[in-house]
Amino acid sequence: QRILIVDDVPANIDVLGAFLEPAGFEVLAAPSGEKALALATRARPSLVLLDVVMPGLDGYETCRRLRAHPETASIPVVFITARDDPASLAAGFHAGGVDYITKPFARDEVLLRVKTHVELHRMTRSLEEQTAALTQANRRLQEEVDRRERAEKAFAAADDRLSLLSQQEAERWGLDGFIGKSPTIARIVQDLRRLQDFPATGVLITGESGTGKELIARALHLGSPRAAGPFIAINCSAVPAELCESLFFGHRQGAFSGANRDKKGYFELADGGTIFLDEVGDMPASLQAKLLRVLESGAFLPLGAERELRVDVRVVAATNVDLDGKMGSGVFRQDLYYRLARFTVRTPPLRERKEDLPLLAAHFLELFAREMSRRSPPLTPLALAALERYHFPGNVRELKNVIERALIQSGGADIGPEHLQLPAAVAAEPRGDARGSAATALENLPFNLELAELELIRRALARCGGNVAQAARLLGVPRMRIYRRLGAEVDRPVRPSVPARSDG
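All of these numbers come straight from a predicted model, not from anything done at the bench.

### Focus: the overall build of the chain
Looking only at helices and strands, the chain features 21 helices and twelve strands. Buried residues in the chain amount to 45% of all 504 residues. Intrachain contacts of the chain at a sequence separation of at least 6 include 70% that bridge at least 24 residues.

So this is what it looks like as structure tokens:
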């Protein structure tokens, strides 16, 4: 600890230094007020022992200037002088001094007062630093609270808009099942009817984006005894990690900074109904364990609550990613997977159900034409052929957009390939040579041996007007192979998919 002694008499400095230095203090000396100001600004001592009567600046003025300078304002000043009248004492405290020692002084008294004021100065500085740190931490905390409130409001608003749009889309597309009559769609409808009778069973819906996973979830809900209850759809990939626990399970007032009121979470809001967890593979790891407990016990603890809540909620999950791979890498919990996937429904991509494409296109044309208050125009054979040649990576959702755009482009007239705005190679009329037709046909086959065989059988039957014998001759296979293949496709039993999956 540094002590600055300001006195124009060197002997006085020596006397003070003689017992301050052995006590562990570093002694600095200044013979005048002007030099004391410069030295105090540079050295930042822990205490100033200041004489009153000096040439130039006296002690009172020196103290006032120390107090006025931001670098030295907090340094305690103790006057040590021969003036012992009340007026001098008052002038010292009025100038900003913290203590006043008169000469002649007692050595032990000076040492005790110096140690006391140095320790007070240290504690004051420590308290100021802690206060500044707390002020900064509070400011950061308030900024985080404000940010969380903005994020929560924005997320809630976006979630409300998405839920409304999703509900509207579900109503437009129909909730009784997919449009189509392919064996795959027939099996999905059969699965839905069975699952609607078991409203407590967890269901995992797998499939590519745009294949209608949420429509299946809504159909399960609206066809079950839970139909009168709420349907809460949540996109797990869009839930902010810092808000997920509060959003899913709610919180009580005062649970964290900014929690100014009680708030119900998704599970409490969905009591008696269904929660749809879309993109469940993107759920934060911190939430997976809590979700598993809710699935096992039906109970959860809101943030800041003292008692658990119990709810009756059916959980339907969906994913377009490989959860097996995520389980293998430890990103997704295996026990949670088996809880969610007590029954699995696979939604097929549109390229695997091309026979449903004309029905879907006609369905969307009718819907959009009704919304636009115009007649539903037909698709020309060339337009339908172009749709059948297209791969549709966006699946049914992309087909819907293509049809809506084509209806606008056609102005109500018959829809041709030029209105579809498909890639030029797809929209162009196919060449008449056999090699080009064969190449196109092979390119459009599903990249799956079983599905490709089924597709070839369907094409052969379509070409032969449903005559199995002619189709068998065309394919060069026995008729029984066609019967067995079609029979397996139609009559294959539906099995719960833990761990097996309903392949469709």
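### Re the pattern of salt bridges
Where charged atoms from two side chains of opposite charge approach closely, those side chains can pair. In total, this model carries 20 salt bridges according to the counting rule given. Across the pair Arg 226 and Asp 312 runs a salt bridge whose closest N-O atoms are separated by 2.8 Å. On the criterion of sequence distance, the pair formed by Arg 226 in the loop between helix 7 (213-222) and strand 7 (231-235) and Asp 312 in the loop between strand 10 (309-310) and strand 11 (314-319) is long-range, its members being 86 residues apart. For Arg 226, a relative accessible area of 8% puts it in the buried group. Through salt bridges with shared partners, a single network forms among Glu 61, Arg 64 and Arg 65.

### Here's the deal with helix 2 (residues 33-43)
Along helix 2, the residues that are buried comprise Gly 33, Ala 36, Leu 37, Leu 39, Ala 40 and Ala 43. In this fold, the buried residues of helix 2 make contact with strand 1 (2-6), strand 2 (26-30) and helix 3 (59-68). With its phi angle positive at about 50°, Arg 44 sits one or two positions after the end of helix 2.

### Here we look at the sheet that holds strand 2
Sheet architecture is open: five strands sit in the order 2-1-3-4-5, paired in parallel fashion. Strands with a single pairing partner mark the edges of an open sheet, and in this sheet they are strand 2 and strand 5 (99-102). Put simply, the sheet's adjacent strands are angled 20° from each other on average, direction ignored. Note that strand 1 and strand 3 (residues 47-50) share four bridges and pair parallel. The residue of strand 3 that forms the bridge with Val 6 is Leu 50.

### Quick word on the nonpolar core
Membership of the largest hydrophobic core comes to 33 residues, with the highest contact counts inside it found for Ile 234, Phe 248, Phe 267, Ile 275, Leu 277, Val 280 and Phe 332. Broken down by secondary-structure element, the contributors of at least two residues to this core are strand 7, helix 8 (244-249), helix 9 (266-269), strand 8 (274-278), helix 10 (285-297), strand 11, helix 11 (323-328) and helix 12 (334-340). Once you skip the residues sitting within four places of it in the chain, Phe 267 turns out to touch Phe 248, Phe 249, Ile 275, Leu 291, Val 294, Phe 300, Val 311, Val 313 and Val 315. Ranked by size, the runner-up nonpolar core spans 23 residues in total, among them Leu 399, Ala 406, Leu 407 and Leu 422.

### Overview of unusual backbone geometry
Cis geometry marks the peptide bond from Lys 103 to Pro 104; its omega dihedral reads -5°. Even without being glycine, Asn 395 reaches a positive phi, approximately 60°. Its location among the elements puts Asn 395 in helix 15 (residues 395-410). Look at Asn 395 and you get buried, because its relative accessible area is 0%. Unlike most non-glycine residues, Gln 421 shows phi in positive territory, near 55°. Overall, Gln 421 belongs to the partly exposed group, its relative accessible area being 42%.

### Some words on the confidence of the model for the chain
Across the chain, pLDDT averages 80, with 85% of residues at or above 70. Across residues 431-440 the pLDDT falls below 50, and counting only partners more than four positions away or on other chains, this stretch makes two contacts in the model.

### Regarding the state of the cysteines
Enumeration according to the criterion identifies zero disulfides in this entry. Free of any disulfide, Cys 244 has its nearest cysteine sulfur in Cys 236, 9.8 Å distant. Residue class for Cys 244 comes out buried when judged on its relative accessible area of 3%.

### A look at the side chain of Asp 51
By the secondary structure assignment, Asp 51 is in the loop between strand 3 and helix 3. No salt bridge is formed by the buried Asp 51, whose closest oppositely charged neighbour, Lys 103, lies at an N-O distance of 4.1 Å. With near-sequence residues (within four places) excluded, Asp 51 lies in contact with Val 6, Asp 7, Asp 8, Gly 59, Ile 80, Thr 81 and Lys 103.

### Let's talk about the pairing of strand 7
For strand 7, a buried count of four out of five residues is recorded, marking the element as mostly surrounded by other parts of the structure. As judged from the five bridges shared by strand 7 and strand 8, these two strands associate in the parallel manner. Looking at strand 8, one finds that Ile 232 is bridged to Ile 275.

What counts and what doesn't
- Residues numbered from 1 in each chain as written.
- Predicted model: local features only at pLDDT ≥ 70, side-chain atom pairs only at ≥ 80, totals over all residues.
- Heavy atoms only, no water.
- Helix = DSSP H or I, 4+ residues; strand = E, 2+ residues; numbered from the N terminus.
- Buried < 20%, exposed > 50% of the residue type's maximum accessible area, 1.4 Å probe, protein only.
- Contact = heavy atoms within 4.5 Å.
- Salt bridge = Lys/Arg side-chain N within 4 Å of Asp/Glu carboxyl O.
- Pairing = 2+ DSSP bridges.
- Axes fitted to C-alpha atoms, helices over the stretch in contact; angles between N-to-C directions.
- Core = buried A, V, L, I, M, F, W, Y, C linked by side-chain atoms within 4.5 Å.
- pLDDT = per-residue confidence, 0-100.
- Disulfide = S-S within 2.5 Å.
- Lys, Arg positive; Asp, Glu negative; His and termini not counted.

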